[in-house]
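What the coordinates show
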There are 2 protein chains.
Amino acid sequence: MGGPPPGFRPSGWVHLLHQVPHTNFQLRPVASTFAPQEQDYQQALLLVAALAGLGLAVNLLVLGLYLLRSCCRCRRPKAGPPEVSGSPDGGGCVTWSCVAALLLGCAGIGLGFYGNSETSDGVSQLSFSLLHANHTLSSIDRLVSETVERLDSAVRSELTTLEEVMAPRTELVAAARGARRLAEAVAQQLGELAFWRGVPLSPIRVAESVSFVEEYRWLAYILLLLLDLLVCLFTLLGLAKQSKWLVIVMTVMSLLVLILSWGSMGLEAAAAVGLSDFCSSPDPYVLNLTRAETGLNPEILHYYFLCNQMVSSPFQERLTLSQRSLASIYAQLQGLEREAVPQFPAAQKPLLALEEMLNVTEGNFHQLVALLHCRGLHKDYGAALRGLCEDSMEGLLFLLLFSLLSALALATALCSLPGAWAHFPPRNQNALSSGSRPSELLPPAGSDPHL
Amino acid sequence: MGGPPPGFRPSGWVHLLHQVPHTNFQLRPVASTFAPQEQDYQQALLLVAALAGLGLAVNLLVLGLYLLRSCCRCRRPKAGPPEVSGSPDGGGCVTWSCVAALLLGCAGIGLGFYGNSETSDGVSQLSFSLLHANHTLSSIDRLVSETVERLDSAVRSELTTLEEVMAPRTELVAAARGARRLAEAVAQQLGELAFWRGVPLSPIRVAESVSFVEEYRWLAYILLLLLDLLVCLFTLLGLAKQSKWLVIVMTVMSLLVLILSWGSMGLEAAAAVGLSDFCSSPDPYVLNLTRAETGLNPEILHYYFLCNQMVSSPFQERLTLSQRSLASIYAQLQGLEREAVPQFPAAQKPLLALEEMLNVTEGNFHQLVALLHCRGLHKDYGAALRGLCEDSMEGLLFLLLFSLLSALALATALCSLPGAWAHFPPRNQNALSSGSRPSELLPPAGSDPHL
């Protein structure tokens, strides 16, 4: 076959994230193979998520200390001379750093929208592959039932008619009996090929639940992104309009969104590490899971999951036997046509019907060979892995970047908003000058030393 | 088979864009079926692209008239009293509309990055499908050569040995001769199945040229998007810093990028209409093109491109004949083993070798049946179409939106930039107040009626 078809290779990011040290709550190292059912592994992922919680705590602490310090500095000069209090470019610098941080946050939000859409693309590719695999599996099932039914009905009606017609010559009846035995053997062999019949796992149901979860994840991120965007834009508006109450409300909202950002960052980091562990060697995990869920023969699962020249088809022998039996039936029918038809013209009709049935069965047989071959299902598996480990992984990393940028931007904004707000002119003067100063980021006119 | 597998359906956008009226240069209506080699159709697409040129012309005309009018208004009051000249909130309003337009342009640039990446995704899916199809086709070729060679060598060595060993009994030699004839027939039948041998079209080369073109398209858009982004950001910087020379340079650059935006919009509109014409019914065009390029039997092409129950496999008959011949060879070898081995023990070795060869050939035969079945190649075709008609189409529409937003934003900015620039304070005062007014979007202090 000349090498496997172009398939899935784990990317550099997968390898990098797979290297993240895994430890349980007792800080003992844990193997980094994907095992979501094991408690130690769950603890390792929870610890990764907890890092974000730590980041949030440090962030809030630094923020609190900074605000406390600037509050003290703010209050001290109030007792001193007025020249020192409103350092002329302090307010502008603070405001500009706030605006720059918010614009950076907006860029992060753009990345977040992109990442959310990429993740969604990857998951929908996974669902699509599952649907396609389901189609293949149910086609095998249906094709086998159809073919077996056709063979059975031919054995019951046409072969019986033939035997009755040719009853006077026992050697012809014996040949027909031989064909009947062969047809029954083929029907039995084919019946055993429908390996997915009665398996409790339905790929279509897995696809449905994956799509269901993904829909809510997608929606939750869209809402988070929109909330983030609104906070950024309204904060910018508040700064531009120098509206104190808007800036105060947005400061509170920023704090809320900051907490949400760190929370989502924790979830994303844990998900990215888990996904990288899965993607670095997905075969063993999926193989074990499928074996446990379906109870299928490991030989069949290996054939479909590996699909290379080393693994021979577990259906090969049955297919070859069925094929030989079909060819023998054909040869016997040809013999009967030569021998019996001149003597019993009534035998012609059932014989022709049997040959027609045999042609259709051989066509179905070829379709069955094609469906049972590992190429189709293995390609679906590869596409599902690519969706999950390339697109979704990329999307997840962009979402992580978004959370990081958003947290940085909001932390900077929270640091500078009270400072900027303290430099707003008092309400009455604001109302007076609002017509001429729509963009005012200036210190109040009264404290401007240049005037 | 119970309905086709989940495949490609043209989206609503494809239907919508396919409805765009097509006319040639003489404004006579042209059929909207995709036919890029026909002059009338080329003219229809060129006309769609020319609409963007018309838009550019109208845009430049309106811009020129607006600037002329505001220039006249600007110059007239200079002779009049100074109170009228610098209407206090005119500058701020103009500047803010410019900032809003530029921010809108930045949002458009974000959409453009997304669209560029989507288009690239779609095209890379097309390349990937072509590579996969190439792998399938070359596997068929290699498998056929391998099997035929194996059969030929068995006929030359083992069957000849067998005939020499069994020479004393002519009826056994006749049976061996029968097996030889059947093996030669199978080799010939199989040789005819390698339908892609000698076909001048190589999917791998098509994939390479598609990727090559796509790389340059992607790079060109990235450069355009970055240029656009830089112009927006530096214009904002110029407004914030009230730097006259920066704003002048950026006005000129904006004009350039405006022309580029309209140009790219024309290309995208023509590409979107062409792609929608292709995607609304891709089969006939691809079928005709492949037939012309490969010279393959239309029956084979129909089988692969349609791949439903209506179209029977053109290989069915050959496969069935080969299968029957293989079964007959097996039966004859079994007979020979029964008859000849007790009498000629030397016949055992070549007979076992022949049976081994037959088992391998039957395994290869099943693989060949699977590869020749339309499912695999048709799935690649469907994936290529989905890549082109869903992802690339979506990306193209986002790029169109980017061009539109960018053109709107730049046109608005060009309208308001000279106005904003006229309100900048003169150079010396700017230097004096630059420390305290980092964000100055105010009319010059001298003309402020509030002071």
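Residues numbered from 1 in each chain as written. Chains lettered and ligands numbered in written order. Predicted model: local features only at pLDDT ≥ 70, side-chain atom pairs only at ≥ 80, totals over all residues. Heavy atoms only, no water.

1. Some points on the overall build of chain A
Counting its secondary structure elements, chain A contains 14 helices and zero strands. Element order for chain A, N to C, with α for helix and β for strand: α-α-α-α-α-α-α-α-α-α-α-α-α-α. A burial count over chain A gives 47% of its 451 residues as buried. Of the roughly 21,500 Å² of accessible surface on chain A, a fraction of 66% belongs to carbon and sulfur atoms. (Helix = DSSP H or I, 4+ residues; strand = E, 2+ residues; numbered from the N terminus. Buried < 20%, exposed > 50% of the residue type's maximum accessible area, 1.4 Å probe, protein only. Areas by Shrake-Rupley, 256 points an atom, 1.4 Å probe, with all protein chains shown as cover.)

2. Let's talk about the state of the cysteines
Covalent bonding between the sulfur atoms of two cysteines is what defines a disulfide. In this structure the tally under the stated criterion is four disulfides over all chains. Residue C279(B) pairs covalently with C389(B) via a disulfide, S to S 1.9 Å. In this structure the cystine formed by C279(B) and C389(B) twists about its S-S bond by roughly -85 degrees; its chirality is therefore left-handed. Remark: C389(B) occurs in helix α12 (residues 374-422) and C279(B) occurs in helix α7 (residues 244-280); sequence separation between them is 110 residues. Of note for chain A: the bonded cysteines, numbered N- to C-terminal, pair according to 1-4, 2-3. Note on C106(A): no disulfide assigned, nearest cysteine sulfur contributed by C232(A) at a separation of 4.5 Å. Summary of cysteine pairing: C415(B) is not part of a disulfide, and the nearest cysteine sulfur, belonging to C98(B), is at 10.0 Å. Taking relative accessible area as the criterion, C415(B) reaches 21% and is therefore assigned partly exposed. (Disulfide = S-S within 2.5 Å.)

3. Looking at a nonpolar patch on the surface
All names here are of chain A. On the surface, a nonpolar cluster with roughly 390 Å² of combined accessible area is contributed by L51, L54, V58 and V62. For V58, the location among the structural elements is in helix α2 (residues 39-79). The exposure class of V58 is partly exposed, given its relative accessible area of 47%. (Patch = residues over 30% accessible without salt bridge, like charges linked within 9 Å, V, L, I, M, F, W, Y side chains within 5 Å. Salt bridge = Lys/Arg side-chain N within 4 Å of Asp/Glu carboxyl O.)

4. Comments concerning the packing of helix α6 (residues 203-241) of chain B against α12(B)
All names here are of chain B. Contact geometry of α6 with α12 gives a least axis separation of 12 Å together with a crossing angle of 25 degrees. Of the possible angle classes, the one that applies to α6 and α12 is roughly parallel. Along this stretch, α6 crosses α12, giving a crossing that reads as left-handed. Contacts from R217, Y221, L224, L225, D228, V231, T235 and L239 in α6 reach L399, F402, S406, L410, L417 and A420 in α12. Of the residues belonging to the contact of α6 with α12, the class tally is 10 nonpolar, two polar and two charged. (Axes fitted to C-alpha atoms, helices over the stretch in contact; angles between N-to-C directions. Parallel < 35°, antiparallel > 145°, perpendicular 65-115°, else oblique. Left-handed = near helix turned anticlockwise from the far one by under 90°. Contact = heavy atoms within 4.5 Å. Nonpolar A, V, L, I, M, F, W, Y, C, P; charged D, E, K, R; others polar.)

5. Some details on a negative patch on the surface
Residues and elements named next belong to chain A. Residues E146, E149, D152 and E184 make up a contiguous surface patch of negative charge. Among the elements that make up the negative patch, the one with the highest residue count is helix α4 (residues 90-156) (three residues). Position of E184 relative to the elements: it lies in helix α6 (residues 170-191). Given the relative accessible area of 41%, E184 is considered partly exposed. (Lys, Arg positive; Asp, Glu negative; His and termini not counted. Charge placed at Lys NZ, Arg CZ, Asp CG, Glu CD.)

6. Concerning the environment of R375(A)
Note that R375(A) resides in helix α13 (residues 374-422). The sequence separation of R375(A) and V206(A) amounts to 169 residues, and the corresponding C-alpha distance is 22 Å.

7. Things to note about the nonpolar core
One finds F195(A) and F195(B) to be the most contacted residues of the largest nonpolar core, which totals 152 residues. It is helix α4 (residues 88-165) of chain B that contributes the most residues to this core, 12 residues altogether. If sequence neighbours within four positions are ignored, F195(A) has contacts with L137(A), I140(A), L296(A), I300(A), Y304(A), F315(A) and L372(A). Counting 18 residues, the second-largest nonpolar core is a separate cluster that includes L399(B), F402(B), A413(B) and F424(B). (Core = buried A, V, L, I, M, F, W, Y, C linked by side-chain atoms within 4.5 Å.)

8. Section: the UniProt feature "transmembrane region" (unreviewed entry) in chain A
Mapped onto the present numbering, the UniProt feature "transmembrane region" (unreviewed entry) falls at residues 44-68, 218-239, 245-263 and 396-421 of chain A. Summarising residues 396-421 of chain A: 100% helix, 0% strand, and an end-to-end C-alpha distance of 36 Å. (UniProt positions renumbered as here; feature names shortened; annotations may be inferred.)

9. Regarding the confidence of the model for chain A
All names here are of chain A. Looking at chain A, pLDDT values average 85 and 88% of them are 70 or higher. Taking the mean pLDDT of every element in chain A, the minimum, 40, falls on helix α3 (residues 82-85) and the maximum, 93, on helix α8 (residues 244-280). The low-confidence segment residues 428-451, where pLDDT is below 50, has 43 contacts with residues more than four positions distant or belonging to other chains. The ipTM, which scores confidence in the relative placement of chains, is 0.77 for this predicted complex, and the corresponding pTM is 0.83. (pLDDT = per-residue confidence, 0-100.)

10. Thoughts on the packing of aromatic side chains
Taken as a whole, this structure holds 27 aromatic pairs over all chains when the rule is applied. Taking 5.5 Å as the distance between ring centres and 35 degrees as the angle between the ring planes, the aromatic pair formed by F195(B) and F315(B) counts as tilted. One end of the pair, F195(B), is in the loop between α5 (170-191) and α6; the other, F315(B), is in the loop between α9 (298-306) and α10 (316-340), and 120 residues separate them in sequence. Take F195(B): its relative accessible area is 11%, and that puts it in the buried class. Owing to a relative accessible area of 2%, F315(B) belongs among the buried residues under this scheme. A network of ring pairs unites the aromatic residues F195(A), W196(A), Y303(A), Y304(A) and F315(A) as a single cluster. Across from the ring centre of Y330(B), 3.3 Å away, lies the NZ or CZ of R324(A), which sits over that ring. (Phe/Tyr/Trp six-rings, centres within 6.5 Å; stacked < 30°, edge-to-face > 60°. Lys NZ or Arg CZ within 6 Å of the ring centre and 35° of its normal.)

11. Side note on unusual backbone geometry
All names here are of chain A. Residues other than glycine seldom take positive phi values, yet C307 does so here, at roughly 50 degrees. With respect to the secondary-structure elements, C307 resides in the loop between α10 (298-306) and α11 (316-340). Among the residues examined, C307 registers a relative accessible area of 14% and is labelled buried.

12. A closer look at the side chain of D277(A)
Residue and element names in this part refer to chain A. Position of D277 among the secondary structure elements: in helix α8. There is no salt bridge for the buried D277, and the closest opposite charge comes from R28, which lies 18 Å off by N-O distance. A polar contact of 2.6 Å, which involves the side chain of D277, links it to the side chain of H22. Once residues within four sequence positions are removed from consideration, D277 is found in contact with H18, H22, S32, F34 and Y41. (Polar contact = N/O pair within 3.5 Å; in protein donor to acceptor, adjacent residues only side chain to side chain.)

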